[in-house]
Amino acid sequence: MDVRYILRFIAGVVLCSAWQSASGQTDAQLSQYYAAPTLYNPAAVGQTDNLRIRAGARLQWIGIDNAPRSFLGAADMPVKIGSKRIGVGLIFGQESAGLYKSLTMGAQIGYKLRKLGGVWTFALQGGFYDQAFKGSEVFIPEDDDYHQSTDEGLPTADIHGTAFDVAAGAWYEHKYFYAGVSCTHLTSPTITLNAESSSGGSETSGDRKFQYQARRTLYFTAGGNIPLKNTLFEIMPSVLVKSDFTFTAAEVNARVRYKKFLQAGVGYRWNDAVIISLGAEFKNFYLGYSYDYATSAIRSASSGSHEIFLGYSMKLDLSDKNRHRHKSVRYL
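Throughout this description, residue numbers start from 1 for each chain and increase along the sequence as written. Residue-level local features of this predicted model are given only where pLDDT is at least 70; pairs of side-chain atoms are given and counted only at 80 or more, and the full residue set underlies all totals for whole chains, interfaces and linings. Side-chain metrics in this entry use all non-hydrogen atoms of the structure; hydrogen atoms and water are not considered.

**Q** Mind laying out the overall build of the chain, listing which residues take part and the relevant values?
**A** Each helix and strand in the chain was counted, giving two helices and 17 strands. Burial classes: relative accessible area under 20% of the type maximum marks a residue as buried, over 50% as exposed, and values in between as partly exposed (1.4 Å probe, protein chains only). A total of 332 residues make up the chain; the buried ones form 45% of that total. Only heavy atoms enter the contact rule, under which two residues are in contact if any of them lie within 4.5 Å. Across the chain, every contact between residues at least 6 apart in sequence was considered, and the portion connecting residues at least 24 apart equals 58%. Surface accessibility in these figures is a Shrake-Rupley result with a 1.4 Å probe; residues are shielded only by whichever protein chains are displayed. Here the chain has roughly 17800 Å² of accessible surface; of this, 60% comes from carbon and sulfur atoms. Counting from the N terminus, the helices are the DSSP runs of H or I reaching at least four residues and the strands are the DSSP runs of E reaching at least two.

Structure follows, in C-alpha cells:
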C-alpha cells in the first residue's frame, strides 16, 4: 500500500491539499532556488572559478503543526584535467513533513564545452534517497468512523527504506543570462519501507511491506544579469518551472543588486505565495533571506514561510602555473 495515503489522513484535509498544490513534488520547495542551483540541476556545477558552498534552512507554513521543514547543503567547484574543464559537486537535503522524513545525498560531475558564445555543461548525479515514516506516532481517535486502529494498511512502527537515485541536467551560461533543464529522480525509484523490530531486524509478521515512489521531476531554470547603464545597479530576473507530470508549479523572481553587494527582490509562485527576498555578498561570504506570504487558503492558518541561506566562496587558481601554490608546513 502506498504510504502517501497515510499522510493524507494524518496531516488533515487542509494541510494535505495545500501541500499537494504548492509542493506536490518529491523535492523540497525553495524560494531562493537561484542561491544554490545545483540542488535542482547537477549541470550548474563549476559555474565560476570558485569553490562555492551553500547551506540553507526553510520553515514552511509557520503556525501549522507538522508543516514541512527543510535543511539543505551544496558544494561545487571546477576542475581542470589537461585541457578539459569539468565541474564536480555534492548535495545534501533533509526534509520533514507530517510524519514523513526524507534524506537525499548525491555526487555530481559535469562536462563543459564552449559553444554558441557561452559555456555548456552536461552533468549526471548519483546518490541515494532515504524515506522514513513515523508509524509509532500514528493516532486514530476512538470515534473515527473511517479508520480502525487494527487496519493493516497503517504501520504501527517507525519504517524507512533507501534506494539508489539518479539525476541529469544541461546548463548554458552566457555573460548576461543562463538557462538549464534537468530531471531529478530520473529512474523514479520505488522505495520499500520496512519496520524495525526491537531486536534490530525487520518486521516480517504478515509480510507487510510499504512502498514510496520518488516522483520523477522536470525543472526549467533561467535568469539574467542586466547592468543598468551609468549606475551601480543590476537587475537579475529569474524563473523556475517544475513538473512531476501530475503537478506543475512556476515562479518568477526579480532582484536588484547594488555594487555587487546588497540585493532585494520580489517574486510570485503561481497560486501559492508572494515572495520577498533580501541578500548581501561581502568578500567571500553570502547571506540570503526570503519570506513567503501565502496567497492560497492556507494563509488563514499560517503566518508565512521563512528561508535563510548562508554561503562561502573561495577563489581557485586553475592556471597551469599556479602562482599561489601552497607549500607543506613541514618545509616552512
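**Q** Lay out the environment of G46 with the relevant residues and their values.
**A** Summarising the element assignment, G46 is placed in the loop between helix 2 (13-23) and strand 1 (50-59). With a relative accessible area of 2%, G46 lands in the buried category. The spatial distance from the C-alpha of G46 to the C-alpha of V88 is 6.6 Å, given a sequence separation of 42 residues. Here G46 is in contact with D76, M77, P78, R85, G87 and K112, once residues within four sequence places are set aside.

**Q** Any details on a nonpolar patch on the surface? Residues and values, ideally.
**A** Here a patch means residues that are over 30% exposed by relative accessible area and free of salt bridges, tied together within 9 Å if like-charged and within 5 Å if nonpolar (Val, Leu, Ile, Met, Phe, Trp, Tyr). Any carboxyl oxygen of Asp or Glu that lies within 4 Å of a side-chain nitrogen of Lys or Arg is treated as forming a salt bridge with it. Side chains of I226, L228, L232, F233, I235, V256, Y258, F261, L262 and F282 sit close together on the surface and give an oily, nonpolar patch of about 830 Å² of accessible area. Those elements giving two or more residues to the nonpolar patch turn out to be strand 12 (233-243) and strand 13 (248-258). Along the chain, the position of Y258 falls in strand 13. Judged by its relative accessible area of 34%, Y258 falls in the partly exposed class.

**Q** Describe the pattern of salt bridges, listing the residues and the values that go with them.
**A** Counting across every chain of the model gives twelve salt bridges. R269 serves as the salt-bridge partner of D272, at 2.8 Å between the closest nitrogen and oxygen. Given the relative accessible area of 7%, D272 is considered buried. Between D292 and R269 there is a salt bridge, with its nearest N and O atoms 3.2 Å apart. One end of the pair, D292, is in strand 16 (residues 285-294); the other, R269, is in strand 14 (residues 262-269), and 23 residues separate them in sequence.

**Q** Describe the pairing of strand 5 (residues 118-134), naming the residues involved and giving the relevant values.
**A** Two strands are counted as paired when DSSP detects at least two bridges linking them. With 16 bridges joining them, strand 4 (residues 100-115) and strand 5 adopt antiparallel strand pairing. Each residue of the ladder has a partner; that of G110, found in strand 5, is A123. The hairpin formed by strand 4 and strand 5 contains two residues between the paired strands, and L116 there has a positive phi angle of roughly 60 degrees. Alignment of strand 5 against strand 6 (residues 158-173), held across 16 bridges, turns out to be antiparallel. Residue pairing in the sheet places A123 in a bridge with G169 of strand 6.

**Q** I'd like a rundown of the packing of aromatic side chains, residues and numbers included.
**A** Here the aromatic set is Phe, Tyr and Trp, taking the six-membered ring for Trp, and pairing holds for ring centres within 6.5 Å; pairs whose planes are under 30 degrees apart are stacked, those over 60 apart are edge-to-face, and all others are tilted. Following the criterion strictly, the structure yields twelve aromatic pairs and no others. Ring geometry for W171 versus Y178: centroids 5.2 Å apart, planes at 10 degrees, classification stacked. A relative accessible area of 16% places Y178 in the buried class. Three or more aromatic residues link up through ring pairs in this structure, and these residues are Y100, Y129, F133 and Y212. Think of it as a cone above the ring: NZ of Lys or CZ of Arg counts as a charge over the ring if it is within 6 Å of the ring centre and within 35 degrees of the ring normal. Lying across the ring of Y34, R255 places its NZ or CZ 3.7 Å from the centre.

**Q** Could you give me a rundown of the nonpolar core, with the residues and numbers involved?
**A** Ranked by internal contacts, the top residues of the largest apolar core, which has 20 residues, are L30, Y34, L39, Y40 and F309. If sequence neighbours within four positions are ignored, F309 has contacts with L30, Q32, A35, A36, L39, R54, A55, G56, Y286, L287 and G288. As used in this record, nonpolar core signifies buried Ala, Val, Leu, Ile, Met, Phe, Trp, Tyr and Cys residues forming a set joined through side-chain atoms within 4.5 Å.

**Q** Any details on the pairing of strand 16? Residues and values, ideally.
**A** Of the two faces of strand 16, the one lined by Y286, G288, S290, D292 and A294 is fully buried and the one lined by F285, L287, Y289, Y291 and Y293 carries no buried residue. Here strand 15 (residues 273-282) runs beside strand 16; their pairing, made up of ten bridges, is antiparallel. The residue bridging L278 from the neighbouring strand is Y289, located in strand 16. Bridge analysis of strand 16 against strand 17 (residues 305-315) gives eight bridges, and the strand direction is antiparallel. Paired with D292 across the two strands is S305, which belongs to strand 17.

**Q** Let's hear about unusual backbone geometry: which residues, and what values?
**A** The backbone of F245 shows a phi angle near 75 degrees, a positive value even though the residue is not glycine. You can see F245 is positioned in the loop between strand 12 and strand 13. The exposure class of F245 is exposed, given its relative accessible area of 57%. Phi at K259 is positive, roughly 55 degrees, even though this residue is not glycine.

**Q** Tell me about the side chain of R269, residues and numbers included.
**A** For R269, a relative accessible area of 2% translates into the label buried. A 3.5 Å cut-off defines polar contacts: any pair of N or O atoms within that distance qualifies, except that in protein one atom must be a possible hydrogen donor and the other a possible acceptor, and neighbouring residues in sequence count only when both atoms are side-chain atoms. Here D272 takes part through its side chain, which lies 2.8 Å from a polar atom of the side chain of R269. Discounting chain neighbours no more than four positions away, the residues touching R269 are Q29, L30, S31, R58, A250, E251, I275 and D292.

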